[in-house]
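# Topology and contacts: notes
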Amino acid sequence: MASPTGTSGAPFGRMLTAMVTPFTADGAVDYDAVQRTAVYLVDEQRNDGLIVSGTTGESPTTSDEEKDRILRAVLEAVGDRATVVAGAGTNDTAHSIELARAAERAGAHGLLLVTPYYNKPPQEGIYQHFTAIADATGLPVMLYDIPGRTGVPIQTNTLIRLAAHPRIVAVKDAKGDLFAASQVMAATDLAFYSGDDMINLPWLSIGAAGFVSVVGHVVGDRLAAMIEHYREGRVDAAAEIHRQLLPAVTAIMTRTQGAIMAKAALNLVGQTGGHVRPPLVDATPQEIEMLRADLVASGVKVMDTN
């Protein structure tokens, strides 16, 4: 199925947020809040794409049934005006194929496939894993290269081999090796997306298609503006946004796990970030106050608690 927002060189759009999954205090998925969050990200934060059931969506702790309902809820809310990409990667190829086929049946516009984690497969195993999942559906695929979580990178030669598959079209890179990415870009048509908010602007300088962001939950509109400025030659304006957002990126991405702080940030701006599921824990009062100060320093309007 074609994406509603994909543009040349950016098959999933340009500004995407790896969306949280709001949970109630007792740990249930809040499907109404899922839809409200999706609408907020598209309408107010200028996202032209969303990733659902990724790491920030706490996919390790949601069931397959919950993943399906979350995806369908987001598609119902914004699927006609934003690219909705479903996280379907696990460290079990057969299970990943099941999730990919379920996402296709639900109407997802694409798949996000993370490198198999914990079992640390060799590069040939990674190649065969991704190829088998890509063969299983007609959906375009974004690979997710994040060795800090998975234990293994997708090496340059493996990415070049995978690029020959007609449905493997993009990479979300959280490896941070801009030279290696440049080599892949020079050798293939893979679109690269920054998966590391701390170096979003440098990624644009080597030809990234856009961002898959976590801080985009509260500053997606300005990240979208950064992309526009850079692509239209206003590099100084893009760099100014980069500098303005440094406190927000520091607060959300460097002090504890990103989903924890993204949910706290949504709560601070009057949205329903909700709670996290164990083994994650909600942000502490001290963390929330530091987050509040940093969001204000980045120009984010937060709720007045007085």
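Description of the structure in this document.

About the criteria used
- Residues numbered from 1 in each chain as written.
- Predicted model: local features only at pLDDT ≥ 70, side-chain atom pairs only at ≥ 80, totals over all residues.
- Heavy atoms only, no water.
- Buried < 20%, exposed > 50% of the residue type's maximum accessible area, 1.4 Å probe, protein only.
- Helix = DSSP H or I, 4+ residues; strand = E, 2+ residues; numbered from the N terminus.
- Pairing = 2+ DSSP bridges.
- Right-handed = clockwise from strand over helix to strand, strands pointing away.
- 1 Å grid on protein atoms, 1.4 Å probe; cavity = no way out; pocket = protein on both sides within 12 Å on 5 of 7 lines; lining within 4 Å.
- Points joined across faces, edges and corners; volume = space filled by probe spheres on them.
- Nonpolar A, V, L, I, M, F, W, Y, C, P; charged D, E, K, R; others polar.

### Describing the pairing of strand 3 (residues 83–87)
Within strand 3, five of the five residues are buried, which leaves it mostly tucked inside the rest of the structure. On strand 3, burial covers both faces: Thr83, Val85 and Gly87 on one face and Val84 and Ala86 on the other are all buried. Where strand 2 (residues 49–52) and strand 3 come together, four bridges link them in parallel fashion. From the neighbouring strand, Leu50 faces strand 3, where its bridge partner is Val84. For the segment spanning strand 2, helix 2 (residues 64–78) and strand 3, crossover handedness is right-handed. For strand 3 and strand 4 (residues 110–114), the ladder comprises three bridges, and the chain directions are parallel. Bridging from a neighbouring strand, Gly87 pairs with Leu112 of strand 4. With helix 3 (residues 93–106) bridging strand 3 and the parallel strand 4, this β-α-β connection has right-handed handedness.

### Structural notes on the layout of surface pockets
Approximately 510 Å³ is the volume found for the largest pocket. Every element with two or more residues in the lining of the largest pocket is listed here: helix 2, helix 3, strand 4 and helix 5 (147–150). Tallying contributions element by element places strand 4 first for the lining of the largest pocket, with three residues. Of the residues in the lining of the largest pocket, the class split is eleven nonpolar, twelve polar and four charged. Of the pockets and cavities examined, the second largest pocket occupies roughly 340 Å³. Along the wall of the second largest pocket there are 21 residues; nearest its centre are Ile146, Arg149, Gly195, Val214 and Met253. Of all the secondary structure elements, the ones that give two or more residues to the lining of the second largest pocket are strand 8 (210–213), helix 11 (246–253) and helix 12 (258–268). Taken together, the residues that form the lining of the second largest pocket break down as ten nonpolar, seven polar and four charged.

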